[in-house]
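Structural features, examined
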Amino acid sequence: MKETKRRIGGWAMAIVLAGTSSAQTILTAPVKAMASEPVMVVEGSAVAAAAGPESAWSQTEETGAGSQAAPQGVEGAGSQEEAQSGEARPSAAGGRAADAPQGPEIAAPSAILMEASTGQVIYEKNADQQRSPASITKIMTLILIFDALESGKISMTDQVVTSAYAKSMGGSQVFLEEGETQTVETMIKCIVIASGNDASVAMAEYIAGDEKTFVDMMNQRAQGLGMANTHFEDCCGLTESKTHVTTARDIALMSRELINHYPQIHNYSTIWMDTITHVTKQGSKEFGLSNTNKLLKMPTNFEVTGLKTGSTSLAKYCLSATAEKDGVRMIASIMAAPDYKARFSDAAALLNYGYANCRLYEDREPLPLPRMAVRNGVEDSVSLRYEGTFSYLGLHGENFDQVEKTLVLAESMEAPVEEGQSAGVLEYRLGGEKLGELPVVAGGNVEKARFKDYMKKVFGTWLIRDSSRLDGQTRELPDGLPETQTEPGADSGGTVQGTEEDA
């Protein structure tokens, strides 16, 4: 194997020639980590706080009615059977929990703890058992609402009219009247803060025409996220159908999609109390919204950023809790907790555990990328770019200052080249172990050269050479072409600038 080295911008570049067209360019350099420090948390402090007395708002759990008492049949009004015990099991990254210290004991029979940027699971307990999610369902409803906003199908200022069907929803609601209009943004507040079933159905009808069509969209979106054990039958989770199910893992997956793709959700999920104005034939009146996520007001060693609660007699007490500390974002999904306090204390225990044991490495300064040579294209090279940002979650106190990066690129690409086409990877290693890789892709398009393109190149070369002869000066020519020569005695003084071979 022949190895040729040259320096580019201060980096040592080695072009490894293997005697075939599959040669690779490898760029290596040690790197200093952009990592958060391990977070030490006084274990149990947040749990103890969560087990303390609730505020007055907890007495109207999931009513969305502020100080107004919950109507009969509201979420959380059902019986609270004793939860089944489950065994926590550490599992592997990329959807299963990595090898980590033994997790905390929790009351809920199903739960999971996931790091948001990597998707790595830190802790899980019966995470794939199908259960009723209650109002956790609304996370998928919110994803579709923000999808519609992103696509331009709807806007925040659109006026949404409440139908008779939407008004008829029971459970947690904001008591919208038939024919009442509210903006899309107000409806989002009603869904996120007060868990309004009526607002959820009104938005489903506004986006899809009817709830059934919207639910079909929810299931399609869930399938696209890899939520293999989820099936939705309504848009709000009020149904008592035993086939309206999801899992703790799938809740974490859709929560991750919502907070990563639409981080503006936290503008609403962190609101503790707000008001809306009902304008009907009877006049206008203000209505108070109280956040059903009581974790927002509990003493914690991390910042609570959301996300959604849910409870019915069938589902018991559920929660998708999101939090952030030192740039590390966590998602704790709790299903079927035996009471409303247990779901918050369980979530706090998991989040404390995660922040005490995890350290996140993010590469905010990847290696510089050269241009990639293109064969048989209208252009001779194409720019490159990284696809995304590399991050890795360490669970064992790793020293990320010793991370090594290796840029592995193909020697060239064959035209046509499409933007986003794979060109190689940036590999990350620590102590000889591969942490992962970051894709490198083409940053633009290069069309395949046709006959006229080759002729342009040939004529262009001739013009440059002829011009060089006439001027009697050295011109910068394309790679591989000889330089011009000025004969002795010429006007320029007769100095020879180079040599020229006749074609």
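Cut-offs used in this document
- Numbers given for residues are sequential positions, taken from 1 along each chain in its written order.
- pLDDT decides what is reported in this predicted model: residues at 70 or higher carry local features, side-chain atom pairs at 80 or more are listed and counted, and totals for whole chains, interfaces and linings draw on all residues regardless.
- Side-chain metrics rest on all non-hydrogen atoms present in the structure, leaving aside hydrogens and water.
- A helix here means a DSSP run of H or I that spans at least four residues, while a strand means a run of E at least two residues long, and both kinds are numbered starting from the N terminus.
- The definition of a polar contact used here is a pair of N or O atoms within 3.5 Å, where within protein one atom must be able to donate a hydrogen and the other to accept one, and adjacent residues in sequence count solely through side-chain atom pairs.
- Each pair of strands is called paired provided DSSP finds at least two bridges between the two strands.
- Interaxial angle, 0 to 180 degrees, is taken between N-to-C directions of lines fitted to C-alpha atoms, where a helix line uses only the stretch in contact.
- The criterion used for residue contact is that any of the two residues' heavy atoms lie within 4.5 Å.
- By convention in this document, the label disulfide applies to cysteine sulfur atom pairs within 2.5 Å.
- Summary of the burial criterion: residues with accessible area below 20% of their type's maximum are buried, those above 50% are exposed, and those between are partly exposed, where the area comes from a 1.4 Å probe applied to protein chains only.
- Roughly parallel means an angle under 35 degrees; roughly antiparallel, over 145; roughly perpendicular, 65 to 115; everything else is oblique.
- The salt bridge definition used is simple: a Lys or Arg side-chain nitrogen within 4 Å of an Asp or Glu carboxyl oxygen.

1. A few points about the side chain of arginine 343
- Assignment of secondary structure puts arginine 343 in helix 9 (residues 340–357).
- A distance of 3.1 Å separates a polar atom in the side chain of arginine 343 from the backbone oxygen of glycine 310.

2. Observations regarding the sheet that holds strand 6 (residues 121–125)
- The sheet built from five strands is open, its strands ordered 6-5-13-12-11 with antiparallel pairing. Two strands close off the open sheet at either side, each with one partner strand: strand 6 and strand 11 (303–312). Across this sheet, the average inter-strand angle for adjacent strands is 5°, counted without regard to direction.
- Against the sheet, helix 9 touches strand 5 (110–115), strand 6, strand 11, strand 12 (316–325) and strand 13 (328–337), its axis set at about 150° to strand 13.

3. Some details on the sheet that holds strand 20 (residues 412–414)
- Taken in spatial order, the three strands of this open sheet run 16-15-20, and their pairing is mixed. Looking along the sheet, the strands with just one partner apiece sit at the ends: strand 16 (381–382) and strand 20.
- As paired strands, strand 15 (residues 372–375) and strand 16 are joined by two bridges and run antiparallel to one another. By the bridge assignment for strand 16, methionine 372 is matched with valine 382.

4. Notes on the state of the cysteines
- According to the stated counting rule, one finds zero disulfides in the structure shown.
- Cysteine 235 takes part in no disulfide bond, and the closest cysteine sulfur to it belongs to cysteine 236, at a distance of 4.9 Å.
- Owing to a relative accessible area of 0%, cysteine 235 belongs among the buried residues under this scheme.

5. A closer look at the packing of helix 2 (residues 138–151) against helix 6 (residues 211–224)
- Two elements in contact, helix 2 and helix 6, have axes separated by 10 Å at closest approach and are oriented at 95°. Here helix 6 runs roughly perpendicular to helix 2, going by the angle between their axes. Residues Met140, Thr141, Ile143, Leu144 and Asp147 of helix 2 pack against Phe214, Met217, Met218, Arg221 and Ala222 of helix 6.

6. Considering the pattern of salt bridges
- By the definition in use, this model includes 13 salt bridges.
- Measuring nitrogen to oxygen at the nearest pair gives 3.5 Å for the salt bridge that ties arginine 364 to glutamate 362.
- Since its relative accessible area comes to 54%, arginine 364 is described here as exposed.
- Taking the shortest distance from any N to any O, the salt bridge between glutamate 414 and arginine 375 comes out at 3.1 Å. Of this pair, glutamate 414 sits in strand 20 while arginine 375 sits in strand 15; the two residues are 39 residues apart in sequence, bridging distant segments of the chain.
- Owing to a relative accessible area of 31%, glutamate 414 belongs among the partly exposed residues under this scheme.
- A network of salt bridges, in which partner residues are shared, links Glu427, Arg429, Lys434 and Glu437.

Geometric values such as these leave the question of function open.
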